[in-house]
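If you want the building blocks of each chain, they are given just below.
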Amino acid sequence: MALSRIPADRGDDAHNKRERRKEARPGELLDAALDLFVEKGFAATRSEEVAARAGVSKGTLFLYFPSKEELFKAVVRENISGRFSEWNEEFEAFEGSTPDMVRYCMRVWWERIGATRASGITKLMISEARNFPDLAAFYQQEVIRPSNELIRRILQRGIDRGEFRPMDLDYAVFSIIAPMVFLIMMKHSLGACQPQDYPLDPERYVHSQAETLLAGMCVRPAEGASA
């Protein structure tokens, strides 16, 4: 009886391994695609390269993602836009001052996005958006717009609480975004031109930018008293 069960047991193990492998494939494909998109750009990355790096056939890739464009969108959702629900929940639960929230958001953005491979997506979009208007529109809808809205909510919170002076929020959001985009470009492009004896420390840079911005946005005690 024991011998008769061996083939069935082994068959079950093999089936379970195949099922686990099948479930893991989308994630493996997204990881491979992210690496190649960041390394080579969208236009230069070929679907068969992604499949080969993930260890599957091109047909298997298209089984999960019917086109390179859909693969790219999935990479963006997996690494950036799919996290806005989490970030908005953190905004709602944050109990500190708004200046502290700005410091926290800029630091956490670096830790979760800027310091990871996903930051290369921004550089890719800056480089190739004009050549792929549909992807540019997708990125605008999925990343840029919700990002701007979240930053706007943070700044509005500071104004409503009397911590920030009134400002043009449509443009003030870029005061926070621009330093972070610069840091991405230094990491993925301009960094090659940087003198080796003067390295850019990302954490120190983010802290410096946050404090400089807050010095201009925060209401000073005398202003608050007169108001």
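Residues numbered from 1 in each chain as written. Predicted model: local features only at pLDDT ≥ 70, side-chain atom pairs only at ≥ 80, totals over all residues. Heavy atoms only, no water.

> How should the overall build of the protein be read in this particular structure?
When its secondary structure is counted, the protein shows 11 helices and 0 strands. Each of the 227 residues in the protein was classed as buried or not, and the buried ones make up 36%. If you take every contact in the protein between residues at least 6 apart in sequence, the share linking residues at least 24 apart comes to 70%. Total accessible area computed for the protein in this model is approximately 13400 Å², and 53% of it derives from carbon and sulfur atoms. (Helix = DSSP H or I, 4+ residues; strand = E, 2+ residues; numbered from the N terminus. Buried < 20%, exposed > 50% of the residue type's maximum accessible area, 1.4 Å probe, protein only. Contact = heavy atoms within 4.5 Å. Areas by Shrake-Rupley, 256 points an atom, 1.4 Å probe, with all protein chains shown as cover.)

> Sorry if this is basic, but what is going on with the nonpolar core here?
Across soluble globular proteins, you tend to see nonpolar side chains buried next to one another. With 55 residues, the main nonpolar core has Phe37, Val50, Leu71, Phe72, Met106, Ile121 and Leu155 as its most contacted residues. Here this core takes 8 residues from helix H8 (residues 133-160), the largest share from any one element. Filtering out sequence-adjacent residues up to four positions away, isoleucine 121 remains in contact with Leu34, Val38, Phe72, Val75, Val76, Ile80 and Tyr139. (Core = buried A, V, L, I, M, F, W, Y, C linked by side-chain atoms within 4.5 Å.)

> Is there a simple way to explain helix H4 (residues 68-79) in this structure?
Owing to its 3.6 residues per turn, the α-helix brings residues three or four apart onto one side. The end-to-end C-alpha separation of H4 is 17 Å, in line with the 16 Å expected for 12 residues at 1.5 Å each. For H4, the complete set of buried residues consists of Lys68, Leu71, Phe72, Ala74, Val75, Val76 and Asn79. (Expected span 1.5 Å × (residues − 1).)

> It is not clear to me how empty space enclosed by the protein should be interpreted in this structure. Could you clarify?
The rolling of a water-molecule-sized probe over the atoms marks out the regions of remaining empty space. Under the definition given, this model contains 1 cavity of 30 Å³ or more. Size it by volume and the largest cavity reaches roughly 30 Å³. Lining the largest cavity are Phe42, Phe72, Leu124, Met125, Glu128, Ala129, Phe132 and Leu135. Looking at the lining of the largest cavity element by element, the count peaks at 3 residues for helix H7 (residues 120-128). Here the lining of the largest cavity is built from residues that sort into 7 nonpolar, no polar and 1 charged. (1 Å grid on protein atoms, 1.4 Å probe; cavity = no way out; pocket = protein on both sides within 12 Å on 5 of 7 lines; lining within 4 Å. Points joined across faces, edges and corners; volume = space filled by probe spheres on them. Nonpolar A, V, L, I, M, F, W, Y, C, P; charged D, E, K, R; others polar.)

> Would you take a moment to explain the pattern of salt bridges for this structure?
When the charged atoms of two side chains with opposite charge come close together, those side chains can pair. All chains considered together, the criterion is met by 18 salt bridges. Close ionic contact of glutamate 90 with arginine 112 constitutes a salt bridge, the shortest N to O distance being 2.6 Å. Linking glutamate 90 in helix H5 (residues 84-93) with arginine 112 in helix H6 (residues 98-114), this pair joins segments that are 22 residues apart in sequence. Looking at glutamate 90, the relative accessible area reads 23%, which means it is partly exposed. A salt bridge links glutamate 163 to arginine 161; the nearest nitrogen and oxygen atoms lie 3.1 Å apart. For glutamate 163, a relative accessible area of 17% translates into the label buried. (Salt bridge = Lys/Arg side-chain N within 4 Å of Asp/Glu carboxyl O.)

> When you look at the packing of aromatic side chains in this model, what are you seeing that I'm missing?
Note on aromatic pairs: each is described by the distance of the centres and the angle between the planes. In this structure the tally under the stated criterion is 9 aromatic pairs. A ring pair is formed by phenylalanine 84 and tryptophan 87, whose centres lie 5.0 Å apart and whose planes are at 90°; its orientation type is edge-to-face. With phenylalanine 84 and tryptophan 87 both in helix H5 and 3 residues apart, the pair spans about one turn of that helix. Its relative accessible area of 14% is what places tryptophan 87 among the buried residues. Among the aromatic residues, those joined into a ring-pair cluster are Phe37, Phe42, Phe72 and Phe132. (Phe/Tyr/Trp six-rings, centres within 6.5 Å; stacked < 30°, edge-to-face > 60°.)

Shape is all these values report; function is a separate question.
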